[in-house]
Amino acid sequence: MAEGGAPFWRTTPLAALSPEQWEALCDGCGKCCLLKLQDDDEDGQPGEVHATNVACRLLDRHSCRCSDYAERWDSVPDCVQLFPAAIRRTPWLPPTCAYRLLDEGHDLPEWHPLVTGDPESIHRAGKSVRGRCIDERKAGPLDHHLVDWDDL
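This structure is a prediction, so every number in the text was calculated from the model and none was measured.

Colleague: How should I be thinking about the pairing of strand β1 (residues 34-40) in this particular structure?
Modeller: On any regular strand, side chains alternate: one points to one face of the sheet, the next to the other face. Bridge count for β1 against strand β2 (residues 46-55) is five bridges, and the pairing is antiparallel. Paired with lysine 36 across the strands is alanine 51, a residue of β2. What sits between β1 and β2 in their antiparallel hairpin is a turn of five residues, with glycine 44 showing a positive phi close to 80 degrees.

Quick look at the structure:
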């Protein structure tokens, strides 16, 4: 808690968060670890992003956390590192993402683990990918796994 009892995410801008606070904002949904397909537009520029239910091979599909977070780039070189200036340039962040919500001026949802004090609250609320995704090593062609979930 910050001064006056308000939680840090209500009193500290994203760019001023400590590394520990930044990491604590992650709700453990696993949605950002789902593989995406992106179209190219007519000019060859990046176009529409399509979500799949295929999880990165490092995602622990039960905890919805990376199984090798500290060393993830060794095996997944294109893993995206999120930082405050990149939030608005990352259109595939889910609408429930704490970083996106705070960047847009919203508060954390009632099921967020920082609000509840319970890392399982996100799963009980049905806001994670637990039970909804497949490991990329078993998926086959990504275009066979396109999804249109409201929370992606």
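Colleague: Got a minute to help me understand the nonpolar core in this structure?
Modeller: Soluble globular proteins tend to pack their nonpolar side chains together in the buried interior. Residues Leu14, Trp22, Leu25, Ile87 and Tyr99 are the most contacted members of the largest nonpolar core, which totals 14 residues. Looking at this core, the elements that each hand over two or more residues are α1 (8-11), α2 (19-25) and α4 (98-103). Here the element with the most residues in this core is α4; it accounts for three residues. Once you skip the residues sitting within four places of it in the chain, leucine 14 turns out to touch Trp22, Leu25, Pro84, Ile87, Tyr99, Leu102 and Asp103. Listed in part, the seven residues of the second largest apolar core include Leu34, Ala55, Cys64 and Cys133.

Reading guide: rules and limits
- Residues numbered from 1 in each chain as written.
- Predicted model: local features only at pLDDT ≥ 70, side-chain atom pairs only at ≥ 80, totals over all residues.
- Heavy atoms only, no water.
- Pairing = 2+ DSSP bridges.
- Helix = DSSP H or I, 4+ residues; strand = E, 2+ residues; numbered from the N terminus.
- Core = buried A, V, L, I, M, F, W, Y, C linked by side-chain atoms within 4.5 Å.
- Buried < 20%, exposed > 50% of the residue type's maximum accessible area, 1.4 Å probe, protein only.
- Contact = heavy atoms within 4.5 Å.

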